[in-house]
Amino acid sequence: MMKRLLATALAFPLLCSTVLADTTQLDRIFTRANINVPWAKLEQVTGSPIALKEEAGTRRYQVGQCLVTAYSHNGETVNSLELETITPSCTFDMSQLVKVPKGTYVHKLTFGQFARFAEDDGINANCLDGCPDEPSSVSISWQGPESEQYLEIITHDNLTSPESKAAAAKWIAFMKGQEGSDYRPNSAAWTLKHTKQGLAYFQDIPLTSIRIGYCMLDCCHDEEEE
């Protein structure tokens, strides 16, 4: 369920206790000033794209050792930005985009922290128990209210670390116990009971990617504001 983002009153002790020593170029890219702008405006800070992805209106940029993907709904205006792999070196301050304390760097965010800040009760999964043609991942998404200009965020963990694999295994075991002989991989009826328990297992697991912008979860509100 999409819920409103909490105001800055929320405490993020793990996020704000340490400020990164070096300013990253990603801080110059992941701002509202680079969303809902022409490609040329974004590329003043990203440089030229390294490739046009197969999907129309999608470009990738190499920023130091980090990969940034930009998406366009109409082929002309950048609607969302994605940091493909979050690490301590590939991070940015999310306070430049949403109302959270300054110094909320995305590499410090766990799913439990993001769920509290998004007022979400659970976590969603894609092919948690393995699919032949799709990668496994878990995610929490958020869509802001009008006061946040309907900004949207999609977070992911791609289940490649030992910790995330262990959390996924616990979640699968929980659902097998709940469903019994009726359990089928990736076909459980997703209820709040399932998603809340999943979040309990992923409380301390960090995000591995984040995408912020518009036209991802709902209609393009940004077009209405132009």
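Structure's up top.
What counts as what
Residues numbered from 1 in each chain as written. Predicted model: local features only at pLDDT ≥ 70, side-chain atom pairs only at ≥ 80, totals over all residues. Heavy atoms only, no water. Helix = DSSP H or I, 4+ residues; strand = E, 2+ residues; numbered from the N terminus. Expected span 1.5 Å × (residues − 1). Buried < 20%, exposed > 50% of the residue type's maximum accessible area, 1.4 Å probe, protein only. Arc of directions from axis to C-beta. Contact = heavy atoms within 4.5 Å. Core = buried A, V, L, I, M, F, W, Y, C linked by side-chain atoms within 4.5 Å.

Some details on helix H5 (residues 162–179)
- The terminal C-alpha atoms of H5 lie 26 Å apart, and with 18 residues this matches the ideal 26 Å at 1.5 Å per residue to within 8%.
- Looking at H5, one finds that the buried residues are Ser164, Ala167, Ala168, Trp171, Ile172, Phe174 and Met175. Projected onto a plane normal to the axis of H5, the buried residues spread over an arc of 160 degrees and lie on a single side. H5 presents Pro162, Glu163, Lys165 and Gly177 as exposed residues on the side facing more than 90 degrees away from its buried surface.
- Structurally, H5 contributes buried residues whose contacts are with strand S6 (124–126), strand S7 (137–143), strand S8 (152–157) and helix H6 (192–201).
- Positive backbone phi, at 60 degrees, marks Gly180, one or two positions downstream of H5.

Considering the nonpolar core
- Core analysis: the biggest nonpolar cluster contains 52 residues, and Leu26, Leu83, Phe92, Met94 and Phe202 have the highest contact counts within it.
- Sort the elements by how many residues they give to this core and H5 lands first, with six residues.
- The contacts of Leu83, once residues within four sequence positions are left out, are Leu26, Phe30, Cys66, Leu67, Val68, Cys90, Thr91, Phe92, Val106, Ser209 and Ile210.

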